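# A structural walkthrough
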Amino acid sequence: MVVRSTLLFIATLFFASPILADNLLQTAPITVAKISESEQNPMPQKKLDVSHELMVKENYQYYDINGSDPDNLLHQMREKGTKWNDGKVYAALTTWDISYHYDVAEDNGKYSLKSIATDVDIVFHLPKRATPSGTDPIAEMWNKYYENLKIHEFGHKDLAVKAAADINTSLASLGSFDSSKELEERAKSLVHEKLKRLRDVQVDYDDETQHGETQGAILR
């Protein structure tokens, strides 16, 4: 028996622009979650070896800014950054989708997961500064800020990937159940618990790093 169960989880951390110009590029987290589940009818499939796989994909999306004045760059990021569904514009934004599917096997009235695959899709939304012609008086300042901003965002990515790997191995360790329904309910409950924990861990990470400030994600 094969059961395909897919849970799409979208959790977005926004790296937002506070009011004060000096701290404009500190990050401010907002979390949005959307969960949808769908199942296909069970259908015969040949026997599978027990396996669990994790795949991570990264994508980068940029918006253009230019100039050699920090205040002007901050203004452009505030005006041209990524607009989200809360109506606000953010200087930088990272999203991830965690999805999983599995195969269910039945043996003497016992049901267990046979094959689990978990996918993580990461999208980084970042500013891209055009290199000015001639002298660039803030090149060092910008490069330092930009590298530190990516370090902070990559930290969020790493936490999401770690959670996805935990989901993967935890599903693989569920054991057997008396019915496929019981197995599926336990799998869904486990994933929801892991995703809730991920949201908490992401908030803790922002608190510990002061939304990237301790990592140098401030343009000044």
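Residues numbered from 1 in each chain as written. Predicted model: local features only at pLDDT ≥ 70, side-chain atom pairs only at ≥ 80, totals over all residues. Heavy atoms only, no water.

## Examining the confidence of the model for the protein
Residues at a pLDDT of 70 or more form 77% of the protein, whose mean pLDDT is 77. Under a pLDDT of 50 for its full length, residues 1–50 has, in the predicted model, 153 contacts with residues more than four places off or in other chains. (pLDDT = per-residue confidence, 0-100. Contact = heavy atoms within 4.5 Å.)

## Quick word on the environment of Phe154
Tracing the backbone through its elements, the reader meets Phe154 in helix H2 (residues 139–172). A relative accessible area of 26% means that Phe154 is categorised as partly exposed. As for Phe154 and Ile122, which are separated by 32 residues in sequence, their C-alpha atoms are 9.8 Å apart. In this view, Phe154 contacts Tyr60 and Phe124; residues no more than four positions away in its chain are not counted. (Helix = DSSP H or I, 4+ residues; strand = E, 2+ residues; numbered from the N terminus. Buried < 20%, exposed > 50% of the residue type's maximum accessible area, 1.4 Å probe, protein only.)

## Details of the packing of aromatic side chains
For the structure on display, the rule yields 6 aromatic pairs. Between Phe124 and Phe154 the ring centres are 5.1 Å apart and the planes differ by 70 degrees, which places this aromatic pair in the edge-to-face class. Residue Phe124 is located in strand E7 (residues 110–129), and its partner Phe154 is located in helix H2; the two are separated by 30 residues in the primary sequence. Positioned above the aromatic ring of Tyr62 is the side chain of Lys128, whose terminal nitrogen or guanidinium carbon lies 5.8 Å from the ring centre. (Phe/Tyr/Trp six-rings, centres within 6.5 Å; stacked < 30°, edge-to-face > 60°. Lys NZ or Arg CZ within 6 Å of the ring centre and 35° of its normal.)

## So, the pattern of salt bridges
Scanning the entire structure with this criterion turns up 7 salt bridges. Taking the shortest distance from any N to any O, the salt bridge between Asp136 and Arg129 comes out at 2.8 Å. Among the salt bridges present, the one from Glu147 reaches Lys150, with a minimum N-O distance of 3.3 Å. Of this pair, Glu147 and Lys150 both sit in helix H2, 3 residues apart, roughly one helical turn. For Glu147, a relative accessible area of 42% translates into the label partly exposed. Residue Lys150 is classed as buried on the basis of its relative accessible area, which comes to 18%. Beyond isolated ion pairs, a larger network of salt bridges with shared partners links Glu58, Lys157 and Asp158. (Salt bridge = Lys/Arg side-chain N within 4 Å of Asp/Glu carboxyl O.)

## Here we look at helix H1 (residues 70–80)
Along H1, the residues classified as buried are Leu73, Leu74, Gln76 and Met77. Down the axis of H1, the buried set is contained in an arc of 160 degrees. They therefore lie on one face. With respect to the buried face of H1, the exposed residues turned more than 90 degrees away are Asp71 and Glu79. Residues of H1 that are buried make contact with strand E3 (51–65), strand E5 (89–90), E7 and H2. Sitting at the head of H1, Asp69 places a side-chain oxygen 3.1 Å from the backbone nitrogen of Asp71. (Arc of directions from axis to C-beta. Polar contact = N/O pair within 3.5 Å; in protein donor to acceptor, adjacent residues only side chain to side chain.)

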